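Secondary and tertiary structure notes
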Amino acid sequence: MRKFKEFIIEKLILICGIASIFFVVLIFLFLLKEGLAVFNIVSPFQFLFGKSWYPISEPPQLGILPLILGSLLVTLGAAIISIPIGVGCAIYIAEVALLKIKEILKAGIALLADIPSVVLGFIGMVTLVPLVKNIFNLPTGLTALSGSIMLAFMAMPTIVSIAEDALYSVPKNYKEGAFALGATHWQTIYRVILPAASSGILAAIMLGIGRVIGETMAVMMITGNAAVMPQSILVPVRTLTATIAAEMGEAVVGGEHYFALFAIGIVLFIISFAINVTADLFLHKRQ
Amino acid sequence: MKKNSHRTQKIAFFFLFLATLLIVVPVGLIVVMIIQKGLPAINWQFLSDVPRQGMRAGGIFPAIIGTIYLVTGAIIFALPIGLLAAIYLSEYSKDSMLNRLIKLAIVNLAGVPSVVYGLFGLALFVIFFKFGASILSGSLTLGIMILPIIITTSREALESVPQSFREVSLSLGVSKWQTIRHIVLPNAIPGILTGTILGLGRAAGETAPILFTVAAFYLPQLPGSIFDQAMALPYHLYVISTQVPNVDEKIRYGTAFVLLALVLFMNLVAIIIRYKFRKKKKW
């Protein structure tokens with residue numbers, strides 16, 4: 001009897017163990033189930049490269065290129081800001097900062113990771129948006145640039161913590177060897193530690209960018225939500241994520257618009273899957 | 001030459017320091033700003049009253065209650081599954097290929113954009129299972145979303161229990177499950193608790209997964225069952241920031257303050273548990 005009970009428990013543990021795989025597959029299947037129907041209306045090529053997104057006009061125009069470009073533009077801006085600052089901060093924390101300050105800095109960065117994105121979006125609306133509007137003398141501060149700056153902040157905790165881990169796990173004797181050869185601390189960091197940690201830092205950057213592409217609320221609140229082909233970084237844009245969040249409430253279940261929003265979900269899922277698998281490979285290469 | 005390279009080092013370190021300030025200072029400013037402008041809005045009426053005059057007056061009570069319901073539901077679903085999954089990974093898994101696949105799935109689950117969870121919850125729970133937009137649908141969606149946090153932290157907690165504890169128990173003829181149940185789990189509880197609270201904090205702050213699965217724009221009465229819609233703090237902040245014009249700044253900052261305080265409080269509790277546990281640990 002006891003053996004039987006134990007058998008049941010162990011099977012239950014196995015089932016829960018593979019639950020993660022089950023859920024990932026389930027998410028993908030349900031996105032496909034609801035989203036693939038859009039390709040009865042438009043071809044995959046038209047969907048991905050169509051330049052107009054007018055989902056409620058008659059007939060609907062379901063080209064998501066403006067949204068893809070919106071996401072790319074905001075992400076690129078966020079990457080340009082967050083990569084140097086994030087990696088620089090990781091180096092500072094891992095190599096330069098004194099032990100006491102190190103803990104405070106790490107706590108501050110963990111704090112940033114904990115702030116809900118809707119709160120950051122709200123703060124961005126009341127501080128960053130008017131600032132961008134005034135500096136560039138624009139009709140509205142709800143622009144791709146505002147979104148990039150805000151998203152850069154959301155990427156930084158990821159970049160800093162994973163890059164710092166990577167720097168920290170470089171064997172200490174590399175550093176000692178460089179010092180013994182007469183290199184300065186900075187030369188050691190630049191020539192020895194950074195190259196040794198490069199795959200981990202690359203993974204950190206990728207995961208940070210993954211967070212940016214998937215971010216929804218803050219980006220929806222401060223990029224202005226104009227689903228048109230972006231002409232510059234100082235105009236309103238709309239991202240893939242914001243489109244789903246803003247429009248799903250109005251889409252009719254089982255309609256073309258609904259299918260198209262799920263198809264955008266498929267695109268996002270595939271992007272995040274690719275980023276996470278690649279980053280994981282880089283992280284394992286390090287070990 | 002030597003002098004030159006030292007000057008280079010000074011300049012380089014200065015820029016690294018600058019990069020650090022560029023992150024840490026704004027974080028501090030954000031928190032200070034929310035406390036400074038949000039705290040004056042907090043009073044008993046704000047916390048215990050329903051929103052009035054089209055959300056331009058009154059309080060945020062239904063949103064607080066909604067968030068508590070959602071977070072509780074999410075943890076009821078995610079904790080047992082997450083804990084058993086962690087037990088599998090730390091105690092049972094041998095097959096390295098399957099192990100690798102599970103870890104990859106966890107990484108991916110953690111990386112799926114939050115709005116995609118919203119879509120998934122809509123398709124599976126709201127429509128396919130016909131739960132409708134309800135606390136149940138929202139809780140299950142949030143539960144799946146926080147699963148990776150719970151699995152990862154619980155696994156770390158279980159793996160940090162020394163191998164010798166298990167060996168002694170097994171050598172006394174105790175079965176594997178009994179060993180886990182009575183030896184490994186009790187020693188891993190603080191770590192598991194930490195992960196659970198971190199998961200709660202994450203679930204409390206997320207907006208996108210609840211947009212189409214549960215969140216009500218304006219619902220002054222409290223939900224009566226798990227099949228009802230509910231208001232939630234993060235969604236309420238979104239609504240009064242972008243959807244309703246002319247909301248008093250005080251109310252917006254007050255809502256942001258309550259949400260931030262709730263999330264940071266949970267994270268603080270998690271940190272304290274972790275810290276105390278580390279100090280107490282004798283092995």
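Conventions used here
Counting of residues starts from 1 at the beginning of each chain's written sequence and follows it residue by residue. Following the order in which they are written, the chains are lettered starting with A and the ligands numbered starting with 1. Totals for whole chains, interfaces and linings use every residue, but because this is a predicted model, local features are given only for residues with pLDDT of at least 70 and side-chain atom pairs only at 80 or more, for both listing and counting. To qualify as a helix, a DSSP run of H or I must reach at least 4 residues; to qualify as a strand, a run of E must reach at least 2; elements of each kind are numbered from the N terminus. Whether two residues are in contact is decided by their C-beta atoms, placed from the backbone, lying within 7 Å. Burial is judged by counting other C-beta atoms within 10 Å of a residue's own C-beta: 20 or more means buried, 12 or fewer means exposed, and anything between counts as partly exposed, with every C-beta placed from the backbone. To define axes, lines are fitted to C-alpha atoms, for helices over the stretch in contact only, and angles between the resulting N-to-C directions are given on a 0 to 180 degree scale. Should an angle lie under 35 degrees it is considered roughly parallel, over 145 roughly antiparallel, and from 65 to 115 roughly perpendicular; all remaining angles are considered oblique. Each helix crossing is assigned a hand: it is left-handed if the near helix lies turned anticlockwise from the far helix by less than a right angle, otherwise right-handed if that turn is clockwise. In this count, Pro and Cys sit with the nonpolar residues alongside Ala, Val, Leu, Ile, Met, Phe, Trp and Tyr, while Asp, Glu, Lys and Arg are called charged and the others, Gly among them, polar. For this entry, the nonpolar core is defined as buried Ala, Val, Leu, Ile, Met, Phe, Trp, Tyr and Cys residues connected by C-beta atoms within 7 Å. To estimate the expected span of a helix, subtract one from its residue number and multiply by 1.5 Å. The arc in question is the one traced by the directions running from the helix axis out to the C-beta atoms. Summary of the metric used: pLDDT quantifies the predictor's per-residue confidence within the range 0 to 100.

The helix and strand inventory of chain B stands at 10 helices and two strands. Restricting to contacts in chain B with at least 6 residues of sequence separation, those with at least 24 account for 77%.

Counting its regular elements, chain A contains 13 helices and two strands. Its C-alpha atoms give chain A principal-axis dimensions of roughly 75 × 75 × 35 Å.

Our focus in this paragraph is the interface of chain B and chain A. With 69 residues of chain B in contact, the opposing surface of chain A contributes 67 residues. Sorting the residues of the side of chain B that touches chain A by element identifies helix 1 (2-38), helix 3 (61-92), helix 4 (96-111), helix 5 (114-128), helix 6 (135-159), helix 8 (176-205), helix 9 (233-243) and helix 10 (249-280) of chain B as the ones contributing at least two each. No other element matches the 19 residues that helix 1 of chain B contributes to the side of chain B that touches chain A.

What follows covers the environment of A:Gly254. Residues and elements named next belong to chain A. Along the polypeptide, Gly254 turns up in the loop between helix 12 (240-247) and helix 13 (256-286). A residue is classified by how many C-beta atoms lie within 10 Å of it, and Gly254, with 11 of them, is exposed. In this structure, the C-alpha to C-alpha distance between Gly254 and Phe22, residues 232 residues apart in sequence, is 25 Å.

All names here are of chain A. Axis separation between helix 6 (residues 117-135) and helix 7 (residues 144-168) bottoms out at 10 Å; the angle between their running directions is 140°. With respect to helix 7, the axis of helix 6 lies oblique. For the element pair helix 6 and helix 7, the recorded crossing hand is right-handed. Counting all contacts with helix 6, which are made through Ser117, Leu120, Gly124, Leu128, Val129 and Val132, the residues of helix 7 involved are Leu145, Ser146, Ile149, Met150, Phe153 and Met154. Tallied by class, residues from the contact of helix 6 with helix 7 come to nine nonpolar, three polar and no charged.

What follows is about the nonpolar core. A:Ala90, A:Val119, A:Leu151, A:Ile159, A:Ala163 and B:Leu70 are the most contacted members of the largest nonpolar core, which has 193 residues in total. Top contributing element to this core by residue count: helix 3 of chain B, with 17 residues. Setting aside its immediate chain neighbours within four residues, A:Ile159 contacts A:Ser82, A:Ile83, A:Gly86, A:Val87, A:Ala90, A:Ala204, A:Ile205 and A:Gly208.

Bringing unusual backbone geometry into the picture now. Omega for the peptide link from A:Glu58 to A:Pro59 comes to -5°, which places this bond in the cis form. Its identity is not glycine, yet A:Asn225 carries a phi of approximately 55°, on the positive side. Mapped onto the elements, A:Asn225 comes out in the loop between helix 11 (217-222) and helix 12. By the C-beta count within 10 Å, which is 20 here, A:Asn225 ends up buried. A positive phi angle, near 60°, is found at B:Lys130, a position not held by glycine. Residue B:Lys130 is classed as exposed on the basis of its 8 C-beta neighbours within 10 Å.

This part is about helix 2 (residues 19-35) of chain A. All names here are of chain A. With 17 residues, helix 2 should reach 24 Å at 1.5 Å per residue; the first-to-last C-alpha distance of 24 Å fits that figure. Every buried residue of helix 2 is accounted for by Ala19, Ser20, Phe23, Val24, Ile27, Phe30, Leu31, Glu34 and Gly35. What you see down the axis of helix 2 is that its buried residues fit within an arc of 145°, all on one side. Looking at helix 2, the residues exposed on the side facing more than 90 degrees away from the buried face are Phe22 and Val25.

On average, chain B scores 91 in pLDDT, and the residues at 70 or more come to 98%. Model confidence for the complex is summarised by a pTM of 0.92, with the ipTM given as 0.92.

This part covers the environment of B:Asn246. Here B:Asn246 lies in the loop between helix 9 and helix 10. With 191 residues separating them along the chain, B:Asn246 and B:Met55 place their C-alpha atoms 9.9 Å apart.

Here we take up the packing of helix 6 of chain A against helix 9 of chain B. Running from N to C, helix 6 of chain A and helix 9 of chain B cross one another at 20°; their axes reach a closest spacing of 9 Å. As judged from the angle between their axes, helix 6 of chain A and helix 9 of chain B are roughly parallel. As helix 6 of chain A runs across helix 9 of chain B, the sense of the crossing is left-handed. Facing A:Val118, A:Val119, A:Phe122 and A:Met125 of helix 6 of chain A, the residues of helix 9 of chain B in contact are B:Pro234, B:Leu237, B:Tyr238 and B:Ser241. Grouping the amino acids of the contact of helix 6 of chain A with helix 9 of chain B by side-chain chemistry returns seven nonpolar, one polar and no charged.

Turning our eyes to something else, we now look at the environment of B:Ser171. Residue and element names in this part refer to chain B. Counting through the fold element by element, Ser171 comes out in helix 7 (residues 163-171). Under the C-beta neighbour-count criterion, Ser171 is labelled exposed, with 8 such atoms within 10 Å. With 158 residues separating them in the primary sequence, Ser171 and Phe13 have C-alpha atoms 55 Å apart.

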